[in-house]
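Okay, here's what each chain looks like letter by letter:
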Amino acid sequence: MPMYQVRGEVPRKRHTQLWRDGRLLTEEVMGLRGFSGNETILYHLVTPSRIREAAGFEPVRHEEWEPASHVHRHLRTAGAEPWGDPVSGRRVLLWNEDVELSLCVPEREQEHFYRNGEADEVVFVHEGSGTLETILGDLPYVPGDYVVVPRGITHRFRTAGRQRHLVFTSPGLIEIPRRYRNEYGQLLEHAPYGNRDLHPVGELRTHDERGEFRVTVRVRRGLQTYVLDHHPFDVVGWDGYVYPWTFNIADFEPITKRVHMPPPAHQTFEGRNFVICSFCPRKLDWDPQAVPVPYAHSNLESDEVMYYAAGSYAARRGVETGSITVHPSGIAHAPQPGRAEAALGATETDEVAVMCDTFHPLRLSRFASRLDDATYAYSWNPEREAAPAPITDS
Ligand SMILES: [Fe+2]
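Description of the structure in this document. Predicted, not measured: the structure shown is a model, and the values here were computed from it.

1. Brief notes about the overall build of the chain
Part 1 of the reasoning: A count of helical and extended segments in the chain gives 3 helices and 28 strands.
Part 2 of the reasoning: Each principal axis of the C-alpha atoms in the chain carries an extent, and together these give about 80 × 45 × 35 Å.
Part 3 of the reasoning: A burial count over the chain gives 51% of its 394 residues as buried.
Part 4 of the reasoning: By sequence separation, contacts in the chain at least 24 residues apart represent 73% of the contacts at least 6 residues apart.
Part 5 of the reasoning: Of the accessible surface of the chain, which amounts to about 18500 Å², a share of 50% is contributed by carbon and sulfur atoms.
Part 6 of the reasoning: Here the chain contributes 43 positively and 55 negatively charged side chains, and the mean placements of these two sets differ by 2 Å.

2. Points about the layout of surface pockets
Part 1 of the reasoning: Roughly 1100 Å³ of volume is contained in the largest pocket.
Part 2 of the reasoning: Lining the largest pocket are 34 residues; nearest its centre among them are Glu 58, Val 87, Ser 88, Arg 90 and Leu 223.
Part 3 of the reasoning: Among the secondary structure elements, those contributing two or more residues to the lining of the largest pocket are β6 (53-59), β9 (90-95), β10 (100-104), β11 (113-116), β15 (155-170), β17 (210-219), β18 (222-230) and α2 (366-371).
Part 4 of the reasoning: Among the residues forming the lining of the largest pocket, the class breakdown is 10 nonpolar, 9 polar and 15 charged.

3. Focus: the coordination of the iron ion
Part 1 of the reasoning: Distances from the iron ion to its protein donors, namely His 297 (NE2), Glu 304 (OE) and His 333 (NE2), fall within the range 1.9 to 2.1 Å.
Part 2 of the reasoning: We note that the donor set of the iron ion lies within a single chain, spaced as H-x6-E-x28-H. Note that His 297 is positioned in the loop between β23 (282-283) and β24 (303-310) and His 333 in the loop between β25 (323-327) and α1 (339-343), a separation of 36 residues in sequence.
Part 3 of the reasoning: The exposure class assigned to His 333 is buried, which follows from its relative accessible area of 4%.

4. Topic: the sheet that holds strand β21 (residues 267-271)
Part 1 of the reasoning: The 6 strands are arranged β8-β25-β24-β27-β22-β21 in an open sheet whose pairing can be described as antiparallel. Strands with a single pairing partner mark the edges of an open sheet, and in this sheet they are β8 (73-76) and β21. Across the sheet, the mean angle from the axis of one strand to that of its neighbour is 15°, orientation sign disregarded.
Part 2 of the reasoning: Judged from the 4 bridges that link them, β8 and β25 form a sheet pairing that is antiparallel. If you follow Arg 76 over to β25, its bridge partner there is Ser 323.

How each quantity is defined
Residues numbered from 1 in each chain as written. Predicted model: local features only at pLDDT ≥ 70, side-chain atom pairs only at ≥ 80, totals over all residues. Heavy atoms only, no water. Helix = DSSP H or I, 4+ residues; strand = E, 2+ residues; numbered from the N terminus. Buried < 20%, exposed > 50% of the residue type's maximum accessible area, 1.4 Å probe, protein only. Contact = heavy atoms within 4.5 Å. Areas by Shrake-Rupley, 256 points an atom, 1.4 Å probe, with all protein chains shown as cover. Lys, Arg positive; Asp, Glu negative; His and termini not counted. Charge placed at Lys NZ, Arg CZ, Asp CG, Glu CD. 1 Å grid on protein atoms, 1.4 Å probe; cavity = no way out; pocket = protein on both sides within 12 Å on 5 of 7 lines; lining within 4 Å. Points joined across faces, edges and corners; volume = space filled by probe spheres on them. Nonpolar A, V, L, I, M, F, W, Y, C, P; charged D, E, K, R; others polar. Donors = N, O, S within 2.8 Å, 3.2 Å for Na, K, Ca; no water. Pairing = 2+ DSSP bridges. Axes fitted to C-alpha atoms, helices over the stretch in contact; angles between N-to-C directions.

This is the structure:
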């Protein structure tokens, strides 16, 4: 997030001495794009390179589902069983080289520490609250938050209550759209959210502790675990532009028009070859001739993934909270028959949904295949729906 922050104690000038209890602290510059991007400078009690043991490396392999048909899909995630912790419990639904979408319904607390060494992560908290404990300080989160965790940030979730997360992971940067920012990074007046809506990491807690601590780092298509002999949160101060923050979907100010507004109006984040959008409760198109549901469309270069979080979505029949529709490129999608007529005259919507459009095709996982409602592809054809025959697709 391009806003300067400082926590704890830092020396008056960068790259100069800082002492604590007779120890010269280790200054770490954690930066993006070599030394040309945003960076944060941290002051450690112990050098961040010190490990006691390089424990195992576990490759991350996604099990692909290659369906027999290229059709629209409806993944019903509402009944997904709890699994793992807030990091190990992430089950990949869809992925390509730019982004990975996972569902996480954890069944237990996170015991050890984690960081993604090579990818940015955004966690949409559909259900649950808690605190993301990080090397830079604590970050409380509540339902509806996007928890933005840049690469390189060691952290651990502390949850309060049942959790349900939709997780985006990208080897590219996940950023505030460029068109929302001025040349200094301040959010512009026409942007659907402002700087006050962004909540950076809070209080820094320095742990000067010896013992055994495990940190798992996602790197090189796998998980490398290190055993440390000191607490990883040993930072006494930091400053810079790279840190975790939250933005709540309820703080997105919808931009509407007299006639239908397409998804770029709902854009919340931009990534490398993908976008994340927020569909929020809003007034609908007010032209007397408006059709207040989306027109049929073929985004010839996009796969569209929509996660339905709350409310009712007028254009889609059969979706429920936790549903994910996957509308791939190459074929058109549209409101189901009767939805456009039913929507005429509607003045507002209460829908809450998170969308991810990718500019390269997504692959489906075997986990996604278990959630797939195979009748969805025929939901635009009432005659075909009336005499359903199972789609043989495995
Ligand atoms: Fe669409």
